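So you can see what is in the structure, the chains are spelled out below.
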Amino acid sequence: MDPFMAEIRIFPFGFMPVGWAQCDGQLIPISQNTALFSLLGVTYGGDGRSTFALPDLRGSVPVMAGQGAGLSAYALGQAGGSNTVTLQTSQMPAHLHSQMADAIDPADLNVPANTRVLAQSQGVFAYQPSAANTVQMNQQALTPAGANQPHTNVMPSLVFNFCIAMQGVYPERP
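Remember, it's a predicted structure, so these values are computed and weren't measured experimentally. (Residues numbered from 1 in each chain as written. Predicted model: local features only at pLDDT ≥ 70, side-chain atom pairs only at ≥ 80, totals over all residues. Heavy atoms only, no water.)

## Some words on the side chain of T51
Then comes step 1: Secondary-structure assignment places T51 in strand β4 (residues 51-53).
Then comes step 2: Of the residues examined, T51 reaches a relative accessible area of 18% and is grouped as buried.
Then comes step 3: Setting aside residues up to four positions removed in sequence, T51 forms contacts with L27, I28, I30, V42 and G46. (Helix = DSSP H or I, 4+ residues; strand = E, 2+ residues; numbered from the N terminus. Buried < 20%, exposed > 50% of the residue type's maximum accessible area, 1.4 Å probe, protein only. Contact = heavy atoms within 4.5 Å.)

## Here we look at the nonpolar core
The nonpolar side chains of soluble globular proteins are, as a tendency, buried together.
Then comes step 1: By size, the foremost hydrophobic cluster in this structure holds 14 residues, and its most contacted members are L36, L40, F52, L54, I164 and M166.
Then comes step 2: Of all the elements in the fold, those that place two or more residues in this core are α1 (34-40) and β11 (161-165).
Then comes step 3: Discounting chain neighbours no more than four positions away, the residues touching F52 are Q26, L27, I28, P29, I30, N33, L36, F37, L40, G41, G45 and G46. (Core = buried A, V, L, I, M, F, W, Y, C linked by side-chain atoms within 4.5 Å.)

## Considering the sheet that holds strand β6 (residues 100-106)
Then comes step 1: Strand order in the open sheet made by the 4 strands is β8-β7-β6-β9, with mixed pairing throughout. Each having just a single partner strand, β8 (125-129) and β9 (134-136) make up the two edges of the open sheet. If you compare each strand with its neighbour and ignore which way they point, the axes differ by 40° on average.
Then comes step 2: Direction of pairing for strand β7 (residues 116-122) relative to β8: antiparallel, over a ladder of 4 bridges. Among the inter-strand pairings, V117 is bridged to a residue of β8, identified as Q128. (Pairing = 2+ DSSP bridges. Axes fitted to C-alpha atoms, helices over the stretch in contact; angles between N-to-C directions.)

## Let's talk about the packing of aromatic side chains
Then comes step 1: Enumeration over the complete set of coordinates arrives at 4 aromatic pairs.
Then comes step 2: When the centroid spacing of 5.2 Å and the interplanar angle of 35° are considered together, the rings of F11 and F13 count as tilted.
Then comes step 3: Residue classification places F11 among the buried residues on the basis of a relative accessible area of 12%.
Then comes step 4: Site record: aromatic cluster; members linked through ring pairs are F11, F13, F15 and W20. (Phe/Tyr/Trp six-rings, centres within 6.5 Å; stacked < 30°, edge-to-face > 60°.)

## Details of the pairing of β7
A regular strand carries its side chains on alternate faces of the sheet.
Then comes step 1: Taken together, the 2 bridges between β6 and β7 define a ladder with parallel strand orientation. Considered in β7, the bridge of A101 is made with L118.
Then comes step 2: In this antiparallel pair of consecutive strands, β7 and β8, the connection spans 2 residues, and G123 shows a positive phi of 70°.

## Things to note about the sheet that holds strand β1 (residues 8-11)
Then comes step 1: Here we have 3 strands laid out as an open sheet, ordered β1-β11-β2, and antiparallel in their pairing. Pairing within the sheet leaves two strands with one partner each, and these edge strands are β1 and β2 (20-22). Recorded for the sheet is a direction-independent mean angle of 40° between the axes of neighbouring strands.

Here it is, written out as structure tokens:
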């Protein structure tokens, strides 16, 4: 079966079949691909006078144009997202971690448990069974963590070749 011109398919092998091109954003001359240009226009780039671009799906996830119930609206050719994200302190929920400590008694256990508190260090020990001398640790000493460093924002993925039909049946418009 012949593909529709501009049809995009996924191939599990490392080459482009004859009549197909990789969806890598390459610029194509309009003069040599007028029918394909009539379908894509400059939706994916190009100057519209001498060149147009193929879609670029490298490192991207395809998303259907339009808007579903409760979803954002997406226009054909719109790109978005980011490979990394830097969370700012203002984007994180405010929270504190309460910790009780024994202000007087020396520690004699080295295993934490929900019935133990931090205590004055005694050798390698750090925990004391819950005691009457517990005090709330100073929470003002806590500082935000993260240092504004980006973290990856890529969902689990499997790599294939996205290819576009450079020739084929010209699709009829409804």
